[in-house]
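The residues making up each chain are set out below.
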Amino acid sequence: MEAKLETYRNAVIRTKRAAILRAARAQFLRNGFSHTGMTDIAYDADVSTATLYKHFRSKDILFAEIVEDASNMFKFAFSQPEGDEASLTDSLCEAAKAGLQSYLASELQPLMRVVIAEVPFAPELARITYARITHHWYGEAIRTLNGLVSTGMLKPHDTKRSAGFLIGMIKETFLWESLFRADYVSPADEDGRRMRAIIELFLNRYSVNAPELTNVVYLHN
Amino acid sequence: MGLEQYRRTVSESKRAAILSAGRESFLRHGFSRAAVADIAREADVSTATLYKHFSSKEELFAIVVRDICSGFGNEFSLASDSTDVRQILFDLAHAYLSAQFDHGANALLRIVIAEVPKTPNAAIETHAALSERRHAHLKRTLDRLIERKLLKPHNTDIGIDLLSGMIKETLIWPALFDADVELPTDADDIIYEAIDTYLARYAA
């Protein structure tokens, strides 16, 4: 009986917590961070403010948790291909596509706008949030790229910079415009040629078979 | 000076003062929080005068955006006969970054992104005035370099996203989230490496 009660209590707590996170997210997206009050969130979540503060000590912490939950959904899962460069291109395309899908599904992108809107009012919050999100992305990407260097598929190189190039090309192609439009739909890329162009450009520079840069340096002379 | 001409000069200088105060105010407070009365006071005109020049805050904002953007995107002349593709692209990247950091474009992007929920059109129009115009200009430039056989034929719409994406990730995105960000000291290295990565694939 005791155990059953305990389970019930935990279930109620979990439900309330989830309701708070849902309500807070909707409020932040609609009114921004500064203009959202904890009482409004409690009201929408159908809990008392006391309960709300028991779960989250401050609005900052609540916001950070929402961002953290969303950004943890981003995964760059990659399995080492057997064989040649063509299969490396294919597997990287697949991994990048799946990574982009996991990002879009996390609905972190609309929150990015909320964070940018706070730059004048809560600069520290904006800075920290961006740092946290990119830290997670870069961690995922660099781990994969270092793996490919260690198995001899990529040249040894500065993988922090190349991860930035890879992430940057994907963001520019699929996400940049959505900063400006709430109703923006990321290009479908059904035939995959946009993602392929990104991966081919990347491998053409960093794959172990890529020509050394001397091939292009002459253009400068 | 005739009276008519004197009046015109006064009117023009008031208009310029309003635009400059409006620009200051929008960049500092964003669109929603900028108040027309404050802008008029800063410009040292009455609100009636302000409304004679601009029918609404929206119109004033649209013209401020247009003014900020009008200088951008035309920095590079298509007539250049240089064959140094690497340098051509480097100069383009520099003109772009200078617009972003020295001429208020980063701040402008931040404020219109902040307005997406409340004033969606401001963001869409700014995106058109800034990003789409630049994209079109860059596309003409790359297509011209292909015609001149300095680049391999390729889909330049896709190519632009690749080249700008590599540069923007490190040099622009952080500035959207932090008003105090400056260009890093190794910005030129990053630009060159991005260009070389692009040229390794697309140089003729």
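In what follows, the structure referred to is the one given above.
Remember, predicted model here, so these are calculated numbers, not experimental data.

Of all 10 residues making up helix 6 (residues 105-114) of chain B, 10 are buried, and the element is well covered by its neighbours. Among all positions in helix 6 of chain B, only Ala105, Asn106, Ala107, Leu108, Leu109, Arg110, Ile111, Val112, Ile113 and Ala114 of chain B are buried. Residues of helix 6 of chain B that are buried in the fold lie against helix 6 (108-117) of chain A together with helix 1 (3-33), helix 4 (57-70), helix 5 (85-102), helix 7 (120-147) and helix 9 (173-176) of chain B.

This part is about the packing of helix 5 of chain B against helix 10 (residues 187-202) of chain B. Residues and elements named next belong to chain B. Helix 10 packs onto helix 5 with a crossing angle of 130 degrees between their chain directions and a minimal axis gap of 10 Å. With respect to their mutual orientation, helix 5 and helix 10 come out oblique. When the axes of helix 5 and helix 10 are compared, the crossing they make is right-handed. Packed against helix 5, whose contacting residues are Val85, Arg86, Leu89, Phe90 and Ala93, the element helix 10 presents Ile191, Tyr192, Ile195 and Leu199 at the interface.

Right, let's get into the interface of chain A and chain B. Many descriptions give the size of an interface as the accessible area lost when the pieces come together. Listed per partner, the contact involves 37 residues of chain A and 38 residues of chain B. Put simply, the parts of the chain that give the side of chain A that touches chain B at least two residues each are helix 6, helix 7 (123-150), helix 8 (159-174), helix 9 (193-206) and helix 10 (214-217) of chain A. Here the side of chain A that touches chain B takes nine residues from helix 8 of chain A, the largest share from any one element. For the side of chain A that touches chain B, the class distribution of residues is 21 nonpolar, six polar and 10 charged.

Turning our eyes to something else, we now look at helix 4 of chain B. Since there are 3.6 residues in each turn of an α-helix, residues three or four apart along the chain are aligned in direction. Residue and element names in this part refer to chain B. Look at helix 4: 20 Å from first C-alpha to last across 14 residues, which is about the 20 Å you get at 1.5 Å a residue. Of the positions making up helix 4, those classed as buried are Leu60, Phe61, Val64, Val65, Ile68 and Cys69. Viewed along the axis of helix 4, the buried residues span an arc of 165 degrees, placing them on a single side of the element. What points out from helix 4, more than 90 degrees from its buried face, is the exposed set Glu59, Arg66 and Ser70. If you follow the buried residues of helix 4, they end up packed against helix 1, helix 6 and helix 7.

Criteria and thresholds
- Residues numbered from 1 in each chain as written.
- Chains lettered and ligands numbered in written order.
- Predicted model: local features only at pLDDT ≥ 70, side-chain atom pairs only at ≥ 80, totals over all residues.
- Buried ≥ 20, exposed ≤ 12 C-beta atoms within 10 Å, placed from the backbone.
- Helix = DSSP H or I, 4+ residues; strand = E, 2+ residues; numbered from the N terminus.
- Contact = placed C-beta atoms within 7 Å.
- Axes fitted to C-alpha atoms, helices over the stretch in contact; angles between N-to-C directions.
- Parallel < 35°, antiparallel > 145°, perpendicular 65-115°, else oblique.
- Left-handed = near helix turned anticlockwise from the far one by under 90°.
- Nonpolar A, V, L, I, M, F, W, Y, C, P; charged D, E, K, R; others polar.
- Expected span 1.5 Å × (residues − 1).
- Arc of directions from axis to C-beta.

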